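# Commentary on secondary and tertiary structure
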Amino acid sequence: MNEIKNRLTQLIKEGKLVLSTKYRPINQLHPMQQCPYIVNEYKFSKWRIKSLACLDEILMKDDIRLKKFNEEVSDNNPSDTVNGIGILESIIDDLDSGVFKLKNGNKHQITKLEILELIFNNFHTIAKQLTYRREDRPTLHIDDEYDVQDLLNALLLIPFDDIRPEEWTPSYGGKSSRMDFLIKDENIVIETKNTRENLRDKKLIDELIIDTSHYSKHPDCDILYCFVYDVDEFIKNPKAIENDLSGQKDGLEVKVMIRPQR
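Each chain has its residues counted from 1, running along the sequence as written. Only residues with pLDDT of 70 or above have their local features reported here, since the model is predicted, and side-chain atom pairs are shown and tallied only from 80 upward, although totals for entire chains, interfaces and linings are computed over all residues. Note that the side-chain values use all heavy atoms of the structure and ignore hydrogens as well as water.

### Regarding the side chain of Arg65
Counting through the fold element by element, Arg65 comes out in helix α3 (residues 64-72). The buried label applies to any residue whose accessible area, calculated with a 1.4 Å probe on protein chains only, is under 20% of its type's maximum; exposed applies above 50%, and partly exposed to all values in between. Residue Arg65 is classed as buried on the basis of its relative accessible area of 16%. The definition of a polar contact used here is a pair of N or O atoms within 3.5 Å, where within protein one atom must be able to donate a hydrogen and the other to accept one, and adjacent residues in sequence count solely through side-chain atom pairs. A polar contact of 2.5 Å, which involves the side chain of Arg65, links it to the side chain of Asp94. Under the DSSP-based scheme used, a helix requires at least four consecutive residues in state H or I and a strand at least two consecutive residues in state E, with every element numbered from the N terminus.

This is the structure:
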């Protein structure tokens, strides 16, 4: 699935490059007049053919977007190019929604990483559900970071077999620390945070930056997930923190996920 998204993303980039060739030719019959805008015909045709080949490969024959692209993206004018880019972007949106019909008619087989992110996305819903038990039976209330870790540890057993809590990280700045979870078979480290009165935006950012520096030195860590449970909404702009701190950091892929978000 990631391969398909990468191909579509590349086609979107190429479509935007086609748009950058937009110009208005001189009317040959009336040299003083200008024709409507067009784009470079060769680049447009090449992009259109590549896009159609990709869509024909991944979409069902009755998918309306395949027909729409073929019919609406036919002329080398900017509006056709914009329409084509929009169709490609809509397919990526469907991929991100978690369910996508492949050409062979089978539903997308979800990966372990996608299950992991599904757990993060639904963690708050699961935590709330645990508070509703029959006959007032005891349950788990999320009061601090240890509670977050206990529930998450149980949920991680769904996709993973070898989960190692509290592994030591290599020394950074003369200090070592314990990571929350190491999924050794997948080279994934998970660090959890539970926001509180004294753990808001600035301190959270500082802690995540330090954590990233620690984990970048661990030989079994290729991907670092920083799961921040913010049920009381102490974080003012969670999306900005996610965008700023996620990405490639010193050879480590970092993914910050702050949940829940309204």
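On we go.
### As for helix α1 (residues 2-19)
Between its first and last C-alpha, α1 extends 26 Å over 18 residues, near the 26 Å set by a 1.5 Å rise per residue. Among the residues making up α1, those that are buried are Ile4, Leu8, Leu11, Ile12, Glu14, Gly15 and Val18. Around the axis of α1, the buried residues are gathered within 165 degrees of arc, so they sit on the same side. The outward face of α1, more than 90 degrees from its buried face, is lined by the exposed residues Asn2, Glu3, Asn6, Lys13 and Leu17. The length a helix should cover is 1.5 Å for every residue beyond the first. Our arc is simply the arc of the directions from the helix axis toward the C-beta atoms.

### Some remarks on the packing of helix α5 (residues 112-130) against helix α6 (residues 145-156)
Relative to each other, α5 and α6 sit at 120 degrees, their axes nearing to 10 Å. Looking at the two axes, α5 sits oblique to α6. Between α5 and α6 lies a crossing whose hand is right-handed. Residues Leu116, Ile119, Phe120, Phe123, Ile126, Ala127 and Leu130 of α5 lie in contact with α6, whose contacting residues are Val148, Leu151, Leu152, Leu155 and Leu156. Throughout this entry, Asp, Glu, Lys and Arg are counted as charged residues, while Ala, Val, Leu, Ile, Met, Phe, Trp, Tyr, Cys and Pro are counted as nonpolar. The remaining residues, Gly among them, count as polar. Looking at the contact of α5 with α6, its residues break down into twelve nonpolar, no polar and no charged. A fitted line through C-alpha atoms serves as each axis, taken over the contacting stretch for helices, and the angle formed by two N-to-C directions is quoted from 0 to 180°. Under this scheme an angle from 65 to 115 degrees is roughly perpendicular, one under 35 degrees roughly parallel, and one over 145 degrees roughly antiparallel; angles in between are oblique. For any helix crossing, the convention is left-handed if the near helix is rotated counterclockwise from the far helix by under a right angle, and right-handed if that rotation is clockwise. In this description, contact between two residues means that some pair of their heavy atoms is separated by no more than 4.5 Å.

### Overview of the packing of aromatic side chains
The description of an aromatic ring pair uses the distance of the two centres, along with the angle that the planes make with each other. Pairing of aromatic rings covers Phe, Tyr and Trp, the last counted by its six-membered ring, and requires centre-to-centre distances within 6.5 Å; plane angles under 30 degrees mean stacked, over 60 mean edge-to-face, and any other angle means tilted. Counted under the stated rule, the structure contains seven aromatic pairs. Between Phe120 and Tyr225, the ring centres sit 5.6 Å apart and the planes meet at 50 degrees, which makes this aromatic pair tilted. With Phe120 in helix α5 and Tyr225 in strand β4 (residues 223-229), this residue pair connects regions lying 105 residues apart in the sequence. Each member of the pair Phe120 and Tyr225 is classed as buried. Taken together, the ring pairs in this structure connect Phe120, Phe123, Tyr225, Phe227 and Tyr229 into an aromatic cluster.

### Things to note about the nonpolar core
For this analysis, a nonpolar core means a set of buried residues of the types Ala, Val, Leu, Ile, Met, Phe, Trp, Tyr and Cys, connected via side-chain atoms within 4.5 Å. Counting residues in hydrophobic clusters, the biggest one holds 22 residues, and the most contacted among them are Leu8, Trp47, Leu55, Ile58, Phe69 and Leu88. Elements with a contribution of two residues or more to this core: α1, α2 (41-58), α3 and α4 (78-96). Once residues within four sequence positions are removed from consideration, Leu55 is found in contact with Leu8, Leu66, Phe69, Leu88 and Ile91. One finds Leu116, Leu151, Ile163 and Tyr225 within the second-largest nonpolar core, a separate group that totals 21 residues.

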